[in-house]
Amino acid sequence: MKTRGFFGKIATVAATCAAGALALSGCAGGGAGGATGSDSGAASNGGTVKVGVAMPTQTSERWIADGNAVKSGLEAAGYEVDLQFANDDIPTQTQQIDQMITNGATMLVIAAIDGTALSSQLDTAGAKNIPVIAYDRLIRDNENVDFYVSFDNFKVGVAQGNALLYGLGLTDKDGKKLDSAPKGPLNIELFAGSPDDNNAKFFFDGAMSVLRPFLDDGTLVVKSGQTSFDQVAILRWQQEVAQKRMEDLLTSTYGGGSEPLAGVLSPFDGISRGIITALQGAGYGPTIKDGLPAVTGQDAEIASAKMINDGIQQSTIFKDTRTLAAQSVTVIKAMAEGSEPEANDTTTYNNGVKVVPSYLLEVETIYTDNLKEKLIDSGYYTQADVDAGVVKK
Ligand code: BGC
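First, a word on what this report is: a plain description of the structure on this page. Quantities reported herein were computed from a predicted structural model and do not represent experimental measurements.

### Observations concerning the packing of aromatic side chains
Inspection of the entire model under this criterion finds eight aromatic pairs. Between the aromatic rings of Trp 237 and Phe 268, the centroid separation amounts to 6.1 Å while the plane-to-plane angle is 85°, which identifies the pairing as edge-to-face. Here the residue Trp 237 occupies a position in the loop between α7 (229-232) and α8 (239-253), and Phe 268 occupies one in the loop between β8 (263-265) and α9 (269-281), the gap between them amounting to 31 residues. Taking the relative accessible area as the measure of exposure, Phe 268 reaches 11% and is therefore buried. On the numbers, 4.6 Å between centres and 70° between planes, the contact of Phe 318 with Tyr 380 is edge-to-face. One end of the pair, Phe 318, is in strand β10 (residues 316-318); the other, Tyr 380, is in the loop between α12 (371-376) and α13 (383-388), and 62 residues separate them in sequence. A relative accessible area of 17% means that Tyr 380 is categorised as buried. Ring pairs connect the aromatic residues Tyr 148, Phe 202 and Tyr 349, which therefore count as one cluster. Above the ring of Tyr 254, the side-chain terminus of Lys 223 is found at 5.3 Å from the ring centroid. Taking NZ or CZ as reference, Arg 245 lies 4.5 Å from the ring centre of Phe 191, over its face.

So, in structure tokens, the structure goes:
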């Protein structure tokens, strides 16, 4: 069957809601859904909006928080939710999404492991008029991606680059060059995220956009010479892989730890902790005050929040998963009620087939001096969690 496109899909979901007579309250209803043999999944569930939520992994706490927040937001709106985590394993994620569709999902929210590996699932979703929302990570090379909710990924990279420049004493927190800046050259090394995650390139390009002038004028030097995305990317964002790469760099380029290294661009807190373990193991630090290089991060994971508080990790980028989850719920509600979700970016995210309408949220950079205000006073963590480096249930 030819897909009807986004408006066909939202109309179908809205009609389904109306049949359940609960459209404005969020379209909940009885009925267990059940498998659909027809080509119109959205219309064949007896009025229930059933949302399949596919998250990549539970090894990083941000995705657990995302999954739980999306689930509770959707359940509060009266929808049924099937939440699955895929252990960073692509076949597991594709099977989970196949199963969600078989079980009668009327909408899908997907944070992809590999943004290019879901075409068969999205083709099926398209044929059944099931709207698909790409969550945080864009799904590529398929027309059946209806909406994208994320943070401004290029700006995340800019914030990481600016945090590193600030940590090196070259700029203020906003990236403005300081008169007191050291002349250099200062040695830095670069890390990027997983090459199959569309976000990773945005983060790297954003960071390089602010680091590049300092590399060009010789203030900064990447002593290993490894400056291309392909050379510095860490598959699946793995901490151990990052630690090994940093250890290898220290051996090959920094005399095993005896030569100066001022900072490391890291795109994710797990990677940052791997880098810091390698640096401390080679004798740098143990804290920034004692000469540990400035290492950036992302996600404000609790273990890294503690390390920032303790003066070990220099910074992280806080992406408030509560607001991302709430935005996804807003998008789903709009779709379920038959209206077009509000987008604030309709040009940036071309997935290779089409530009996907997007809603992008802002992020905050966390340093030791604003951690309490941004992470604790906002209720994201308690002081006890940060002190312990774990979230107590
Ligand atoms: C997310 C980041 C996260 C990374 C690793 C990216 O897609 O946008 O917030 O740090 O995945 O999980």
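### Structural notes on the environment of Ala 343
One can find Ala 343 in the loop between α11 (321-336) and β11 (358-361). Judged by relative accessible area, Ala 343 falls into the partly exposed class, the value being 29%. Filtering out sequence-adjacent residues up to four positions away, Ala 343 remains in contact with Phe 147, Pro 357, Ser 358 and Tyr 359.

Definitions and limits used
- Residues numbered from 1 in each chain as written.
- Predicted model: local features only at pLDDT ≥ 70, side-chain atom pairs only at ≥ 80, totals over all residues.
- Heavy atoms only, no water.
- Phe/Tyr/Trp six-rings, centres within 6.5 Å; stacked < 30°, edge-to-face > 60°.
- Helix = DSSP H or I, 4+ residues; strand = E, 2+ residues; numbered from the N terminus.
- Buried < 20%, exposed > 50% of the residue type's maximum accessible area, 1.4 Å probe, protein only.
- Lys NZ or Arg CZ within 6 Å of the ring centre and 35° of its normal.
- Contact = heavy atoms within 4.5 Å.

Worth remembering: the numbers are spatial, not functional.
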